[in-house]
Amino acid sequence: MATQKMLKFVTVGKETPEKRDAAQRSQDFDEIYREFAAQKAAEQASRCSQCGVPYCQAHCPLHNNIPDWLRLTAEGRLQEAYEISQATNTFPEICGRICPQDRLCEGNCVIEQSGHGTVTIGAVEKYITDTAWENGWVKPILPAMERPESVGIIGAGPGGLAAADVLRRAGVQVTVYDRYDRAGGLLTYGIPGFKLEKPVVMQRVEQLRAAGVNFILNCNVGTDLTFDAIRGQHDAVLIATGVYKARDIEAPGSGARGIVKALDYLTASNRKSFGDDVAEYDSGALNASGKRVVVVGGGDTAMDCVRTAIRQGAQSVKCLYRRDRANMPGSQREVQNAEEEGVEFVWLTAPRGFTGGTEVEGVIVQKMRLGAPDASGRQSPEVIEGADYVEPADLVVQALGFEPEDLPGLWGVPELAVTRWGTIKADFRSHATSLPGVYAVGDIVRGASLVVWAIRDGREAAEAMLAYLAQTASVAAE
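Residues numbered from 1 in each chain as written. Predicted model: local features only at pLDDT ≥ 70, side-chain atom pairs only at ≥ 80, totals over all residues. Heavy atoms only, no water.

Points about the overall build of the protein chain
Regarding its fold elements, the protein chain presents 19 helices and 16 strands. By its C-alpha atoms, the protein chain is 75 × 70 × 50 Å across when sized along the principal axes. The buried share of the protein chain, reckoned over its 478 residues, is 50%. In the protein chain, once contacts between residues fewer than 6 apart in sequence are set aside, the share between residues at least 24 apart is 68%. Accessible surface, the protein chain: about 21700 Å² in total, of which carbon and sulfur atoms supply 51%. In the protein chain, which carries 50 positive and 62 negative side-chain charges, the distance between the mean positions of the two groups comes to 3 Å. (Helix = DSSP H or I, 4+ residues; strand = E, 2+ residues; numbered from the N terminus. Buried < 20%, exposed > 50% of the residue type's maximum accessible area, 1.4 Å probe, protein only. Contact = heavy atoms within 4.5 Å. Areas by Shrake-Rupley, 256 points an atom, 1.4 Å probe, with all protein chains shown as cover. Lys, Arg positive; Asp, Glu negative; His and termini not counted. Charge placed at Lys NZ, Arg CZ, Asp CG, Glu CD.)

Below is the structure:
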């Protein structure tokens, strides 16, 4: 039926275009697309074997009840499928888009392991949640009763927003503080729009705002507002800042113009997509258009950078990574997508320096080989002496990962315990820190990690904070 509609649409569009205005054509296309999407979702969902040991669920950090909502999708019971998916996941439409399913649920699907190709769990999750939004199945957050307790959340990324959702549903008064002018953290400014459309993030932010969550944006804790002031205003505090300190390349010529940080590059592109005035983008400093681009790094951020550069119209895009493809930390699916889009991967290479003086003109590349395993078991890269060459470049993007900022120093709270890596020490179950009533979640505890882990942490911490608030209230009443 859908195929017949598509043929009819194409034929009519070719034969009598003057009889169909753009709005009608768009409406027809949307209708056809939705029908194909529904059919494809049902087909994929019906492939689930409903195995006795659901490895997909076990390898999902949120332990989503994947088999049940796949079964309901296959039966056409989409609203029930959505209800089950959102019961354990605050943002299923976001996880469906950006989770590395090939390393989590889909990679552990028994059908995939038997060689028949995985069920496309992420795509089905995205479809049922998008359908829920379209049909009004996503209900407003309406607490059964208001509570007097107040919680301050520092960081409006996935961990902070997930905690805000749980706390607000319980009636707690929630205020979220964030350094950016829009909520969402890396969901908003660090992940490209072609992977995660920004309206998808903003609709969740607006849902929380409509529920009474107070957002204080453009607020740098430690500068605009002290940490002690936030603690004084709230009964409990959650730290969900993420990690934003970029690792730099320390090599001769690394200070040249045209060598930029990945987050600066991605943020400029995302701001432009919002319609903001971005001087460094317009000047070309953070714009790959017409340039020879070299991205250094092998994680998902590096993949975001190379694919963004392609979309900006780069002359060429190359990715340098010091290990081989098998040892790359980023998603293999992302690598494949990048290759299909024209990105060239140069494995077993690393920058030794840069040419060009004040303006970068090239990367001095040293070739590597894999030697003995390091402490983690991965083979350590070794330099091949005398094999250096120069890779021409007009824009070099450093995507070497992120480290935590010195929060105890920046916030003037030396008693906030951190690990030797600078991440905050927190109980792995309750997420409580060394400070009474202060909790921490996400990358600031784990180091740079996945959005889905931040969501899990935020939900768990919120439950622990509710217990803490109840206990505090009980003690005060005695």
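A look at the pattern of salt bridges
Note that side chains of opposite charge can pair when their charged atoms are close. A complete count under the given rule lists 36 salt bridges for this structure. The closest approach of N and O atoms between Glu 149 and Arg 147, which form a salt bridge, is 3.2 Å. One salt bridge connects Asp 165 with Arg 169, and the closest N-O pair in it is separated by 2.8 Å. Of the two residues, Asp 165 and Arg 169 both sit in helix 9 (residues 158–169), four residues apart, roughly one turn of that helix. Within the structure, one salt-bridge network assembled from shared partners comprises Lys 195, Asp 304, Arg 307, Arg 311, Glu 334 and Glu 341. (Salt bridge = Lys/Arg side-chain N within 4 Å of Asp/Glu carboxyl O.)

A closer look at the pairing of strand 14 (residues 395–398)
Across the two faces of strand 14 the burial is the same, with Leu 395 and Val 397 and Val 396 and Gln 398 all buried. Examined bridge by bridge, strand 6 (residues 259–261) and strand 14 share three bridges and lie parallel to one another. By the bridge assignment for strand 14, Ile 259 is matched with Val 396. Pairing analysis gives four bridges linking strand 7 (residues 292–296) to strand 14, with the strands arranged parallel. Following the sheet pairing, Val 293 is matched in strand 14 by Leu 395. (Pairing = 2+ DSSP bridges.)

Details of the packing of helix 4 (residues 66–74) against helix 8 (residues 121–134)
Put simply, helix 4 and helix 8 touch, their axes get as near as 11 Å, and they point 65° apart. Relative to helix 8, helix 4 is oriented so that their crossing is left-handed. Residues Ile 66, Trp 69, Leu 70 and Thr 73 of helix 4 form the contact with helix 8, whose own contacting residues are Ile 121, Val 124, Glu 125 and Ile 128. Each residue belonging to the contact of helix 4 with helix 8 can be placed in one class, and the counts come to six nonpolar, one polar and one charged. (Axes fitted to C-alpha atoms, helices over the stretch in contact; angles between N-to-C directions. Left-handed = near helix turned anticlockwise from the far one by under 90°. Nonpolar A, V, L, I, M, F, W, Y, C, P; charged D, E, K, R; others polar.)

Looking at unusual backbone geometry
Phi is positive for His 63, which is not a glycine, with a value near 55°. Within the secondary structure, His 63 sits in the loop between helix 3 (55–58) and helix 4. For His 431, which is not glycine, the phi torsion reads 70° and is therefore positive.

Some remarks on the nonpolar core
Ranked by internal contacts, the top residues of the largest apolar core, which has 71 residues, are Leu 70, Ile 153 and Leu 167. For this core, the leading source of residues is helix 19 (residues 451–477), giving nine residues. When sequence neighbours within four positions are dropped, the list of residues in contact with Ile 153 reads Gly 160, Ala 163, Ala 164, Leu 167, Val 174, Thr 175, Val 176, Tyr 177 and Leu 238. (Core = buried A, V, L, I, M, F, W, Y, C linked by side-chain atoms within 4.5 Å.)

Some thoughts on the sheet that holds strand 1 (residues 150–154)
Taken in spatial order, the five strands make up an open sheet running 3-2-1-4-16, and their pairing is parallel. The outermost strands of the open sheet, each flanked by one partner alone, are strand 3 (214–216) and strand 16 (438–440). Along the sheet, successive strands turn relative to each other by an average axial angle of 20°, direction set aside.

Examining the packing of aromatic side chains
Within the structure shown, the criterion is met by six aromatic pairs. Residues Tyr 180 and Tyr 189 carry aromatic rings whose centres are separated by 5.0 Å and whose planes lie at 50° to one another, so their mutual orientation is tilted. Residues Tyr 189 and Phe 274 carry aromatic rings whose centres are separated by 6.1 Å and whose planes lie at 70° to one another, so their mutual orientation is edge-to-face. Separated by 85 residues along the polypeptide, Tyr 189 in helix 10 (residues 186–189) and Phe 274 in the loop between helix 13 (262–273) and helix 14 (279–282) bring together distant segments of the chain. Note on Tyr 189: relative accessible area 1%, which makes it buried. What links up through ring pairs into an aromatic cluster is the set Tyr 180, Tyr 189, Tyr 244 and Phe 274. Between Arg 182 and the ring centre of Phe 274, over which it is positioned, the NZ or CZ distance is 4.0 Å. Residue placement shows Arg 271 over the ring face of Tyr 189; its charged tip is 4.4 Å from the ring centre. (Phe/Tyr/Trp six-rings, centres within 6.5 Å; stacked < 30°, edge-to-face > 60°. Lys NZ or Arg CZ within 6 Å of the ring centre and 35° of its normal.)

By themselves, these are just geometric observations and shouldn't be taken as functional.
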